[in-house]
Each structure stands twice: as C-alpha cells, then as structure tokens.
Amino acid sequence: MLPTTSSSSSTSQSSSKKFVLVSSLVFLWYSSNIGVLLLNKFLLSNYGFRFPIFLTMCHMSASGILSYISIVFLKVVPFQKIKSRSQFLRIATLSVVFCGSVVGGNISLRFLPVSFNQAIGATTPFFTALFAYMITFKREAWITYGALVPVVTGVVIASGGEPSFQLYGFIMCISATAARAFKSVLQGILLSSEGEKLSSMNLLLYMSPMAVVFLLPTALVMEPDVVDATIALGLKHKFMWLLLSVNSTMAYAANLTNFLVTKHTSALTLQVLGNAKGAVAVVISILIFRNPVTPLGIAGYSLTVMGVVAYGEAKRRYK
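Numbering of residues starts from 1 in every chain and runs along the sequence as written. This being a predicted model, a pLDDT of at least 70 is required before a residue's local features are given, and a value of 80 or more before pairs of side-chain atoms are given or counted; all residues contribute to the totals for chains, interfaces and linings. The side-chain values count all of the structure's non-hydrogen atoms but skip hydrogen atoms and water molecules.

## With respect to the environment of V308
Here is step 1 of the chain: A run of DSSP states H or I qualifies as a helix once it reaches four residues; a run of E qualifies as a strand once it reaches two. Both are numbered from the N-terminal end. Position of V308 relative to the elements: it lies in helix α13 (residues 295–317).
Here is step 2 of the chain: You can call V308 buried: its relative accessible area is 9%.
Here is step 3 of the chain: V308 sits 226 residues away from I82 along the chain, and the two C-alpha atoms are 35 Å apart.
Here is step 4 of the chain: Any two residues whose heavy atoms approach within 4.5 Å are treated as being in contact. Excluding anything up to four places from it in sequence, V308 contacts A122, P125, V151, Q271 and N275. Exposure categories follow from relative accessible area, calculated using a 1.4 Å probe and restricted to protein chains: below 20% of the type maximum is buried, above 50% is exposed, and the middle band is partly exposed.

See below:
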C-alpha cells in the first residue's frame, strides 16, 4: 500500500506544480498583453508621443534582441535556421503584413478608446474565415459561419453606441484586424511544409529585424520629426525613455508568454483565456482612462465576444 500512497502523493504534487506554473504564465500573459496595450494608448494618446510607426519599430527591435537571447542563450526553444532563399522571402512577406497589423493597431489607439479597439479586434475570426475561404477555398460547416453573424453584428452595434467613435481610427483598427487575420492564413500557407515550419518564437526572431529594416525608413519618411520630438520629450519627461523601454520589453513578453501558455495548455483553453483577456483589458482600460461607455456599446461588445466563443466551439465540433 505504501508505494501506491507515495505514487498518489507524487501525482498530486506534480499536478499542483503544473497548476501553479500555468497560472503564473497566464497571469504574466495577461499582464504583459494588457500592459503593452494600455501603455501604447498612454504614450500615443495621453503622453504626446504621436509616432505609432516609430513605436512599432521599438517593439520590433526589442523583440529581435530578446528573441535572440531567449533562443540562443536561454534555450527556450531549439534554434531553427532559415534553409532557403524562398523561405527567407516568405518570412519577409509575413513580416511586412505583420508590421501593417501592428502599426494599424497602434495608429487606431491614437483615436479610439482601448475598449472599442478591443471590440473591433475581436472580429479577427471573421476575417480569418474570410481569407481562408478566398485564398485556400477552405470551407467550414454552415453552423460555423452562422456563429460569425453575431461577431460582426456586435461590432456594428458597438460602433453605433460608441461616444468616442472616430472614422479614421475605426478604419485603421479594422485594417489592422484584417491584416492580423491575413498574416495567420498566409503563415499557414507559406510555412506549411514540414521542412520550413518554424516555431512562433523562431519566426519572431527572424521577422523582427526584417520589420525594423522596413519600419525605419518608413518612420523617417512618414514621421519626419520623430527624432527631434522624441529627444525633446525625453528631456521634458525624465521617465520617457523608461516608459519606452518597458513598453517595448512588454511587447516581446506578450509574445513569449503567449507561446508558453500555448505550449502548456490546450487550444480550447487558450481560446477561452484569449476571450477573457479581451474582456479584462476592456474593464481595466475603462477604469484607468475613464472613457465613456454606453449600455448599447457594452451590449455590442458582449454580443461579439459571445459570437467568438460560439464560433470557436462550432469550429472545434465540426472540424
């Protein structure tokens, strides 16, 4: 009987350790993801740092450096090399699309409250299904597509009930959401062969410097006063450089913790946690920035989230 008791105790301890590990990773994922979102909003809208392209370049620079440290020195994941010129070009294409999604999202934060930004971002499954059908002709069950109706309807309702609605910010946010979905579909196509598959962390390692190469000249052309204005803000506000550094580090941490949570949980758990994360971000942003919300806006966002949950469940059942 003693070996059985010992084995049971060992299993219980192992389960407890896993629970603590997963809970810690989820907490760090939520903190970094919501933190970078709120800091982006603060820097771009409240702090006077009106350079979303340069801010994205800072994020990509930090991601490149920290990815290299995490993979090469800390061995978070095995290092994977680029094996061909065609694979390099595919990763570069993904990098440009990824840049577009991040820049568009950051631009939208200048004009829209975080709560409305998150409501629009929740429509990612709609655009993913749309691009998957248009590019790969991949079809889902009719009930799966039916679940997307409340996703879109909710955003339409939320838009009508949003006191801070701004058309340009709305267009940029929709564009960023579409680009994010397009990138995920494109990634599945371009890196689908076994020999060219990369882990998300290795993909970020290669995409980040490519993004910097693309974003640096873009920022200098489209945000010509970025250098002078950044130096002036740095001299005026002594915590400017610290905020920028923390913000960029958190952008990488959001990617790293997302990868680790994915590794230690199931796809269904990740989906549920992702939906909850958006709701938590909305509540925290409203408490911090005090942006006005209406019952109609809350109803619209709630409908969108319920639609996303229904879509995920339908997709899982009718694969």
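## Notes on the nonpolar core
Here is step 1 of the chain: Within the largest apolar cluster, 60 residues are counted, with the highest numbers of intra-cluster contacts made by F49, F54, I91, L215 and L244.
Here is step 2 of the chain: At the level of secondary structure, the elements contributing two or more residues to this core comprise α1 (2–46), α2 (52–73), α3 (85–111), α8 (167–190), α9 (200–222), α10 (226–236), α11 (240–264) and α12 (267–289).
Here is step 3 of the chain: Broken down by element, the residue count for this core peaks at eleven residues, all from α9.
Here is step 4 of the chain: When sequence neighbours within four positions are dropped, the list of residues in contact with I91 reads I82, L191, L198, L203, Y206, M207 and M210. By convention a nonpolar core is built from buried Ala, Val, Leu, Ile, Met, Phe, Trp, Tyr and Cys residues, the set being connected through side-chain atoms within 4.5 Å.

## Details of the pattern of salt bridges
Here is step 1 of the chain: By convention in these notes, a salt bridge is any Lys or Arg side-chain nitrogen within 4 Å of a carboxyl oxygen on Asp or Glu. Scanning the entire structure with this criterion turns up three salt bridges.
Here is step 2 of the chain: The closest approach of N and O atoms between R316 and E313, which form a salt bridge, is 2.7 Å. Placement of the pair is R316 and E313 together in helix α13, with a separation of three residues, close to one helical turn.
Here is step 3 of the chain: A salt bridge links E313 to R317; its shortest N-O distance comes to 2.8 Å. You can see E313 and its partner R317 sitting in helix α13, four residues apart, about one turn around the helix.
Here is step 4 of the chain: When its relative accessible area of 24% is taken as the criterion, E313 is described as partly exposed.

## Digging into the packing of aromatic side chains
Here the distance between the centres and the angle between the planes together describe a pair of aromatic rings.
Here is step 1 of the chain: Two rings from Phe, Tyr or Trp (for Trp, the six-membered ring) form a pair when their centres sit within 6.5 Å of each other. Planes less than 30 degrees apart are called stacked, planes more than 60 degrees apart edge-to-face, and all others tilted. Using the criterion set out here, one finds twelve aromatic pairs in the structure.
Here is step 2 of the chain: Between the aromatic rings of F42 and Y47, the centroid separation amounts to 5.4 Å while the plane-to-plane angle is 45°, which identifies the pairing as tilted.
Here is step 3 of the chain: A relative accessible area of 13% means that Y47 is categorised as buried.
Here is step 4 of the chain: Both rings, one in F49 and one in F51, keep their centres 5.4 Å apart while their planes meet at 80°; by these two values the pair is edge-to-face.
Here is step 5 of the chain: Through pairs of rings, three or more aromatic residues link up here, namely F49, F51 and F54.

## Examining the side chain of T265
Here is step 1 of the chain: When you line up the elements, T265 lands in the loop between α11 and α12.
Here is step 2 of the chain: Exposure remark for T265: the relative accessible area of 18% places this residue in the buried category.
Here is step 3 of the chain: A polar contact of 2.6 Å, which involves the side chain of T265, links it to the backbone oxygen of V261.
Here is step 4 of the chain: Excluding anything up to four places from it in sequence, T265 contacts V22 and L270. Pairs of N or O atoms within 3.5 Å make up the polar contacts considered here, provided that, within protein, one atom can donate a hydrogen while the other can accept it, and that residues adjacent in sequence are counted only when both atoms are side-chain atoms.

## Some thoughts on the side chain of E223
Here is step 1 of the chain: In this structure, E223 sits in the loop between α9 and α10.
Here is step 2 of the chain: Despite its burial, E223 remains without a salt bridge, the nearest opposite charge being carried by R110 at 6.7 Å.
Here is step 3 of the chain: In terms of polar contacts, E223 uses its side chain to reach the backbone amide nitrogen of I53, at 3.0 Å.
Here is step 4 of the chain: Among the polar contacts listed, one links the side chain of E223 to the backbone nitrogen of F54, at a separation of 3.1 Å. The charge count treats Lys and Arg as positive and Asp and Glu as negative. His and the chain ends do not count.

## Comments concerning the state of the cysteines
Here is step 1 of the chain: For the purposes of this analysis, a disulfide is any pair of cysteine sulfur atoms at a distance within 2.5 Å. Taken as a whole, this structure holds zero disulfides when the rule is applied.
Here is step 2 of the chain: C58 takes part in no disulfide bond, and the closest cysteine sulfur to it belongs to C99, at a distance of 13 Å.
Here is step 3 of the chain: Judged by its relative accessible area of 14%, C58 falls in the buried class.
Here is step 4 of the chain: No disulfide involves C173; its nearest neighbouring cysteine sulfur is the one of C99, lying 17 Å away.

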